[in-house]
Structure formats: C-alpha cells, structure tokens
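These are the residues of each chain, in order.
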Amino acid sequence: MSRVAYVNGQYIRHKDAAVHVEDRGYQFADGVYEVCEVWNGQIVDMPRHLDRLDRSLRELRIDWPMSRQAMEFVVSEVVRRNMVHNGIVYVQVTRGVAKRDHFFPGSDVAPSVVVTARSASPAVAAAQAEKGIAVVTYPENRWPRVDIKTVALLPNVLAKQNAKENGGKEAWYVDTDGNVTEGGSTNAWIVTKDGVLVTRPAESGILKGITRAVVLDLVAREGISFEERPFSLEEALEAREAFVTAASTLVMPVVRIDDTVVGNGHPGSVATRLRDAFHTATDLKAVVA
Ligand code: PDD
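Now for a description of the structure that goes with this document. The structure displayed is predicted, hence computed values, not measured ones.

1. Focus on the pairing of strand S8 (residues 170–174)
Counted residue by residue, S8 has 5 buried out of 5 residues, so it is predominantly covered. Judged by which residues are buried, S8 turns out to be covered on both faces: Glu170, Trp172 and Val174 on one side and Ala171 and Tyr173 on the other are all buried. Pairing geometry for strand S7 (residues 133–139) and S8, over 5 bridges, is parallel. By the bridge assignment for S8, Thr137 is matched with Trp172. A crossover links S7 with its parallel partner S8, the connecting element being helix H5 (residues 154–165), and its sense is right-handed. Here S8 runs beside strand S9 (residues 179–183); their pairing, made up of 2 bridges, is antiparallel. Looking at S9, one finds that Val174 is bridged to Val180. Where S8 folds back onto S9 in an antiparallel hairpin, the turn is made up of 4 residues, including Gly178, whose phi is positive at roughly 85°.

Given below as structure tokens:
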C-alpha cells in the first residue's frame, strides 16, 4: 500500500506530494504544526491539539485553512487512508504561497495545509521506555515565543543533533539562570531526591505540551506529590527520576543527563506508572476503517 498525504485539498501519493517553491513555510518558516499520537486505531487528544493549533494560528495571524470540523475529518481520513494503527499524524499550516516578500501577503493568498501520517512500532517504543534514554544539555538559544508551535525548528534540530552526536536521544535546554526549560521536542520533568514530581510552568520558556497536560491530569487523579516550578540542572542531576513527555514519545524515562546517571540508572517508578496509565486520561477518537 502506498502512503498518502493531504496537500491543499487533495489526497496525493506521498512520494508525489509537494508544495510550491514559494510557500512561506519553505522560505520563512512562516507556519505552524501539530503532531497527534495514533494509538490502537484512535487519534489521541485531537480536540486539545486543534485548540493549540487555533492558538498558534491566531498568534501568527494565519487564517484557518478550512473549518475545524473539516480539519478533524481530513486528519482522520489521512490516518485511515494510510492504515496507521499506531503512529503519528502531522498537520502543518503555513501562510501560503506568494512572491518572496517579508510582509504578509494579501488576503487573496490562502494558507497551505499538509497532513501526513506514519506508523510507528509500539514494541520499539516500549523497549526504549524499559531502558530509558540519555539527554544532553544545550544552552537555551531559542526566541522567546516558543509557546507557539511554529515550524521554525532550526535551534531544536541543532540541539537534538548535538545530543545524538554525544550519545543522547534528546537535548535539554538550559537557560542563563541554570534552569532546564524543556527538551528539543519534549517537555522535561524530574522527581526530586525527596520524591516530588516537578515540571516547569508553561507560562513562558516552553511549549505547553498536550502530553504534559494529560500527565498533569493523571498526577492530580493519582494524588502524586507535585510542584509546578522551574528546576535547575543542578537539581536534575541529583534527582531520583527524570523523564520527558511528547505526543511522539509519551512518557519516556531519562536515565542519564550528560555524564550523570539519574537515580539508579533505570526508569523510575513514577515515570513508569504515568506511562502505563497514560491512555486512561486521554480523549480518544476512533478512526473508522
Ligand atoms: N514536539 N516541547 C517542544 C519543543 C516540542 O516540540 C514538543 C512536541 C513538546 C511536547 O508537546 P506535546 O506533548 O503536545 O507533543 C514540547 C512534537 C512531538 C514534534 O516536534 O515532533
């Protein structure tokens, strides 16, 4: 079966899918995106992801390319046509195609929309979660509007590549105050040596992750001892546990930060419990085959 992508109103073979060379996403990174998990034939937390897409679009003054209802349909349809049972669905909206000019184009220019989906192996992810991952710290060097989920990800690409070249799976940004902000494509959490789960507030410096929000609901439901506050790299290095969250990784234990082993070097009990319970706190929309 060949993969299919949705591009500006059409379902096209993935290998032939393309946008125009003067798409503003391509020339200016003038666009936003979302990644939803597909789990067991269901799209996870689509309403929350579309709420955040709406916010990102409003912050950049890009119009919705279609009604929200139509977007829900297209997202489901791309997952269905690609027969993705477990994996991710990716939605990207840019300001559209126009002669290269920094100023916004006129209102006659329609936003561009691309939706793709791909399968991922739950067994591979589970094996990774059983081992945990290493993270490599990196100086925070992003613009202050990281709350907007833009496709301008060059700093994230460089930080994550640096992590990879130094034996890690993820980068952890550290700001000039010595605090961990977030990962290159994940939110960051620790369980302190006193057993308190900590994550940074989402008011500034990080993307307000949807997976983070689900975990916060779980934490409240399970009565886990929790503080929402910035935490330093120093505190993280002494933590009992650490983990990251994202739609692409769910709750992924961190067992090493740079050269320091976290806790006993194995995934912690809080991370494992949250990972195991994760889908009990999500909104699931079945994709009808
Ligand atoms: N990344 N922080 C950053 C910088 C991210 O890029 C992401 C998501 C998150 C977690 O957000 P959520 O829980 O809503 O997935 C935090 C996606 C998965 C990506 O870029 O592939």
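Now that the structure has been shown, the text picks up again.
2. Things to note about the site of the ligand
The environment of the ligand is made up of 21 residues, and the closest members are Tyr33, Glu182, Ile210, Thr211 and Ala247. Between the ligand and Ile210, the relevant distance is 2.8 Å, taken from an oxygen atom to a main-chain nitrogen or oxygen of the residue. Contact with the protein chains covers 91% of the free accessible surface of the ligand, which is 480 Å². Looking at the shell around the ligand, the elements with two or more residues in it are strand S3 (31–39), helix H2 (46–60), S9, helix H6 (210–222) and strand S14 (241–246). Partitioning the shell around the ligand into residue classes produces 6 nonpolar, 11 polar and 4 charged. Split by domain, the shell around the ligand shows at least three residues from each of two domains, domain 1 (4–120) and domain 2 (125–278).

3. A short note on the sheet that holds strand S6 (residues 112–119)
Pairing in this open sheet of 7 strands is antiparallel, and the strands run S2-S1-S6-S5-S3-S4-S17 from one edge to the other. The open sheet terminates on both sides in strands that have one partner only, identified here as strand S2 (10–13) and strand S17 (284–286). The sheet shows a mean angle of 25° between the axes of neighbouring strands, direction not considered. Bridge count for strand S4 (residues 42–44) against S17 is 3 bridges, and the pairing is antiparallel. Looking at S17, one finds that Gln42 is bridged to Ala286. Seen against the sheet, H2 touches S3, S4, strand S5 (87–94) and S17 and runs at an angle of roughly 175° to S3. Against the sheet, helix H3 (residues 68–81) contacts strand S1 (4–7), S2, S3, S4, S5, S6 and S17, and its axis sits at roughly 35° relative to S6.

4. Describing unusual backbone geometry
Within the chain, Asn8 stands out as a residue other than glycine whose phi angle is a positive 45°. Residue class for Asn8 comes out partly exposed when judged on its relative accessible area of 40%. Backbone geometry places Asp258, a non-glycine residue, at a positive phi of 50°. Relative to the helices and strands, Asp258 is located in the loop between strand S15 (250–257) and strand S16 (260–261).

5. What to know about the side chain of Asp30
Mapped onto the elements of the fold, Asp30 is located in the loop between helix H1 (24–28) and S3. By relative accessible area, which is 9% here, Asp30 ends up buried. Polar side-chain contacts of Asp30 include one of 2.8 Å to the side chain of Arg24. Separated by 2.7 Å, the side chains of Asp30 and Arg95 make a polar contact.

6. A few points about the packing of aromatic side chains
Under the definition given, this model contains 6 aromatic pairs. With 5.2 Å between their ring centres and 65° between their planes, Tyr6 and Tyr11 make a pair best called edge-to-face. Judged by relative accessible area, Tyr11 falls into the partly exposed class, the value being 25%. Both rings, one in Trp189 and one in Phe226, keep their centres 6.4 Å apart while their planes meet at 40°; by these two values the pair is tilted. Of this pair, Trp189 sits in strand S10 (residues 187–191) while Phe226 sits in strand S12 (residues 226–228), and the two are 37 residues apart along the sequence. For Trp189, a relative accessible area of 0% corresponds to the buried category. Judged by relative accessible area, Phe226 falls into the partly exposed class, the value being 28%.

What counts and how
Residues numbered from 1 in each chain as written. Predicted model: local features only at pLDDT ≥ 70, side-chain atom pairs only at ≥ 80, totals over all residues. Heavy atoms only, no water. Buried < 20%, exposed > 50% of the residue type's maximum accessible area, 1.4 Å probe, protein only. Helix = DSSP H or I, 4+ residues; strand = E, 2+ residues; numbered from the N terminus. Pairing = 2+ DSSP bridges. Right-handed = clockwise from strand over helix to strand, strands pointing away. Near = heavy atom within 4 Å. Polar contact = N/O pair within 3.5 Å; in protein donor to acceptor, adjacent residues only side chain to side chain. Areas by Shrake-Rupley, 256 points an atom, 1.4 Å probe, with all protein chains shown as cover. Nonpolar A, V, L, I, M, F, W, Y, C, P; charged D, E, K, R; others polar. Domains from an automatic or database assignment. Axes fitted to C-alpha atoms, helices over the stretch in contact; angles between N-to-C directions. Contact = heavy atoms within 4.5 Å. Phe/Tyr/Trp six-rings, centres within 6.5 Å; stacked < 30°, edge-to-face > 60°.

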